[in-house]
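Single-letter residue listing:
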Amino acid sequence: MLIIRNARLLGPLTEGYDGQSADIWIENGRISEIRPEGWTPACSGTGTENGCCIPEGAQIIDAAHHTVMPGLIDMHAHVYLKSLDFAKIRDLGPADSVLNAYIYAREYLKAGYTTVRDCGCMYNVTVAINDAAKRGELDAPRLISCGQILTPTETGNDTFGELYIEADGPDQVRAAARKQFKLKNDFVKYMVTGAFLNEKGSPGMTIATLDELKAAVEIAEMKESYVCGHAHGTAGIKRAIEAGIRTIEHGVFIDDECIDLLQKKADRCFLIPTGAITLACAGDTENMSANMQEKAEQYFEEERNHINHAYEAGLKLGFGSDLDMENFVANPGYEFTARTDYYHFRPMDILLQATKNSAEILKIDDETGTVKTGKCADLIITGGNPDEDIRVMNRPLLHVIRGGKIIY
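The notes below deal with the structure included here.

Reading guide: rules and limits
Note on numbering: residues in each chain are counted from 1, in written sequence order. Residues qualify for local features only when their pLDDT is at least 70, as the model is predicted, and side-chain atom pairs are given and counted only at 80 or more; totals for whole chains, interfaces and linings, by contrast, use all residues. The side-chain quantities take in all heavy atoms of the structure and omit both hydrogens and water. For the purposes of this entry, the term helix denotes a DSSP run of H or I that reaches at least four residues, the term strand denotes a run of E that reaches at least two, and both are numbered from the N terminus. Radius of gyration means the value over C-alpha atoms here, while the globule rule gives 2.2 Å times the residue count to the 0.38 power. What makes two residues a contact is simply this: any of their non-hydrogen atoms within 4.5 Å. All accessible areas in this document rest on Shrake-Rupley with a 1.4 Å probe, and a residue is counted as covered only by the protein chains that are shown. All tallies of charge rest on Lys and Arg as positive and Asp and Glu as negative; His and the ends of each chain are not included. Note that the charge is assigned to NZ on lysines, CZ on arginines, CG on aspartates and CD on glutamates. By the convention used here, strands pair only if DSSP detects at least 2 bridges between them. Between the N-to-C directions of two axes lies an angle of 0 to 180 degrees, each axis being a line fitted to C-alpha atoms and, for a helix, fitted only over the stretch in contact. Only protein chains enter the accessibility calculation, which uses a 1.4 Å probe; a residue whose area is less than 20% of its type maximum is buried, one above 50% is exposed, and one in between is partly exposed. Within 3.5 Å is the distance limit for a polar contact, defined as a pair of N or O atoms, with the added protein rule that one can donate a hydrogen and the other accept it, and that residues adjacent in sequence qualify only through two side-chain atoms. Throughout this description, any angle smaller than 35 degrees is read as roughly parallel, any larger than 145 degrees as roughly antiparallel, any in the 65 to 115 degree range as roughly perpendicular, and the remainder as oblique. Amino acids are sorted into nonpolar (Ala, Val, Leu, Ile, Met, Phe, Trp, Tyr, Cys and Pro), charged (Asp, Glu, Lys and Arg) and polar (every other residue, Gly among them). Points on a 1 Å grid, built from protein atoms alone, make a cavity when a 1.4 Å probe fits but cannot get out and make a pocket when they are open with protein on both sides within 12 Å along at least 5 of 7 lines; residues with an atom within 4 Å of a point are the lining residues. Grid points are joined across faces, edges and corners, and a volume is the space filled by probe spheres set on the points.

## Topic: the overall build of the protein chain
Inference 1: Across its full length, the protein chain holds 13 helices and 19 strands.
Inference 2: Taking 2.2 N^0.38 as the reference for a compact globule, 408 residues should give roughly 22 Å; the C-alpha atoms of the protein chain span a radius of gyration of 21 Å, in line with that estimate.
Inference 3: The dimensions of the protein chain, computed from C-alpha atoms along their principal axes, are 70 × 40 × 40 Å.
Inference 4: Contacts in the protein chain between residues at least 24 apart in sequence constitute 70% of all its contacts with a sequence separation of at least 6.
Inference 5: Accessible area of the protein chain: about 16,000 Å², with a carbon and sulfur share of 47%.
Inference 6: Side-chain charges of the protein chain comprise 41 positive and 60 negative groups, with the mean position of each set lying 4 Å from the other.

Structure follows, in structure tokens:
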């Protein structure tokens, strides 16, 4: 048993309990009770602390009225990606790739991310890490993976080597999607438009047909899953929504018509902005080619304006970063910074995006996303009040708890 004493709770991130502070009792990896501070239960334990009967052998964390939150969720990660030196990453073999992915997964866990949706990797490394974690052989976040990214034959695909699997036409798309599910992946990712980081690729250009997208959605739905779509340009975003894709990744050029379509499908399709990667690329003269830098600089302000507009329109947004490990480690809380200083989101909304919203979009809100009795004990303890000062999330956490186990 683990007991977190004197926890400060945030109302929007807590369910079934109205108090602002509490003791959180955890058993068998789940939150068993949320009790008011100082409440003295009848119990058979022999230990006592501050007048409250504590079961013998229980671990105690005194949160000292620091904020306890659900574990964070990154909906757009690439845990195999050690750096933005794509040529070096592209040439790595399976052994180095899985090692890099595990190291990055541990960095995510240290930063409080207890759930990470990996949006593309080589050699199926995320499944290997997940399987080992389920066997109890290592500690890692809950990894939700797509395996290789499906893409039409297109300019710039060779930039990332084995990250992509090319599929042209509905039949090839169905076969490629089935392959990813066969390899025990959880969802399908499809390149709907070009990309900033694909050498010579055009981010606003639609590269997938409606029939191809619908074929991917068809297979995913048969597996009780979904498709996430990389989409920058407005035509591509609209096509993705029409095809039934569940998450729109990046959405850099989103316009009023796209926003209106998303509002009409508010429970079925969601925008996942990724501000941190834009900040990381903007000043990277070492790893970014001239073509990549030109695209990043050209659309910097445009992305800010479009994403802020989507936010102010009231869209339910998920939390994604798209970062490599070097930038993730060098800039703690980078996506929180991006959503504050690059986009102009409010602190509590950012916290909701990084927890409750993302859990609901991923359909895992029965397990995580809020502090609630019965949910998995994926929790973090911050060193301040992030709802008042979001920069708290740029500092080391006091504790990270994954499935009731104290990780840090």
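## A short note on the sheet that holds strand β8 (residues 72-77)
Inference 1: The strand order across the open sheet formed by 3 strands is β8-β9-β10, and the pairing between neighbours is parallel. Each edge of the open sheet is held by one strand with a lone partner, namely β8 and β10 (142-145). The mean inter-strand angle of the sheet, taken between neighbouring strand axes irrespective of direction, is 15°.
Inference 2: Two elements, strand β9 (residues 113-118) and β10, share 4 bridges in a ladder whose sense is parallel. Within the sheet, the bridge partner assigned to Val-116 lies in β10 and is Leu-143.

## Quick look at the side chain of Asn-185
Inference 1: By secondary structure assignment, the location of Asn-185 is in the loop between α4 (169-182) and β13 (188-191).
Inference 2: Assessed through its relative accessible area of 6%, Asn-185 is described here as buried.
Inference 3: At 2.9 Å, the side chain of Asn-185 forms a polar contact with the side chain of Ser-145.
Inference 4: Here Gly-147 takes part through its backbone nitrogen, which lies 3.1 Å from a polar atom of the side chain of Asn-185.
Inference 5: If near-sequence neighbours (up to four positions away) are discounted, Asn-185 is found in contact with Asn-124, Thr-126, Val-127, Ser-145, Cys-146, Gly-147 and Gln-180.

## Topic: helix α12 (residues 334-342)
Inference 1: Within α12, 7 of the 9 residues are buried, which leaves the element mostly enclosed by the surrounding structure.
Inference 2: Of all the positions in α12, only Tyr-334, Glu-335, Phe-336, Thr-337, Ala-338, Arg-339 and Tyr-342 are classed as buried.
Inference 3: Lining the buried residues of α12 we find β8, β9, α8 (275-282), α10 (300-312), α11 (325-330) and α13 (347-361).

## Section: the environment of Gly-147
Inference 1: Within the secondary structure, Gly-147 is located in the loop between β10 and β11 (149-151).
Inference 2: A relative accessible area of 0% places Gly-147 in the buried class.
Inference 3: Linking Gly-147 and Val-252, residues 105 residues apart in sequence, is a C-alpha distance of 24 Å.
Inference 4: Among residues more than four places away in sequence, those in contact with Gly-147 are Gly-120, Cys-121, Asn-124, Gln-180 and Asn-185.

## A short note on the packing of α8 against α12
Inference 1: The N-to-C vectors of α8 and α12 enclose an angle of 85°; their axes lie 8 Å apart at closest approach. Overall, the two elements α8 and α12 adopt an arrangement that is roughly perpendicular. The segment α8 lies against α12, with Gly-275, Ala-276, Thr-278, Leu-279 and Ala-280 engaging Tyr-334, Glu-335, Ala-338 and Tyr-342.
Inference 2: Per-class residue counts for the contact of α8 with α12 are 6 nonpolar, 2 polar and 1 charged.

## Notes on the side chain of Asp-324
Inference 1: Looking at the secondary structure, you find Asp-324 in the loop between α10 and α11.
Inference 2: A distance of 2.8 Å separates polar atoms of two side chains, one belonging to Asp-324 and the other to Asn-327.
Inference 3: The contact partners of Asp-324, leaving out residues within four places of it in the chain, are Leu-81, Lys-82, Ser-83, Leu-84 and Tyr-104.

## Some remarks on the layout of surface pockets
Inference 1: Put simply, the largest pocket is a space of about 510 Å³.
Inference 2: Only β10 and α5 (210-222) provide two or more residues apiece to the lining of the largest pocket.
Inference 3: Considered class by class, the residues forming the lining of the largest pocket number 13 nonpolar, 3 polar and 8 charged.
Inference 4: Its boundaries defined by the atoms lining it, the second largest pocket holds a volume of some 410 Å³.
Inference 5: Elements with a minimum of two residues in the lining of the second largest pocket: β8, α2 (94-110), α11, α12 and β18 (399-402).
Inference 6: With 3 residues, the top contributor of residues to the lining of the second largest pocket is α12.
Inference 7: Considered class by class, the residues forming the lining of the second largest pocket number 15 nonpolar, 4 polar and 5 charged.

## Here's the deal with the environment of Asp-96
Inference 1: Structurally, Asp-96 is set in helix α2.
Inference 2: Look at Asp-96 and you get partly exposed, because its relative accessible area is 42%.

## Side note on the sheet that holds strand β3 (residues 30-35)
Inference 1: What the 4 strands build is an open sheet, ordered β3-β2-β1-β6; its pairing is mixed. A single partner strand is all that each edge strand has here, and the edge strands are β3 and β6 (59-62). Looking at each pair of strands side by side, their axes are set apart by 20° on average, direction ignored.
Inference 2: Across 5 bridges, the pairing between strand β2 (residues 21-27) and β3 is antiparallel. Opposite Glu-27, over in β3, you have Arg-30 as the bridge partner.

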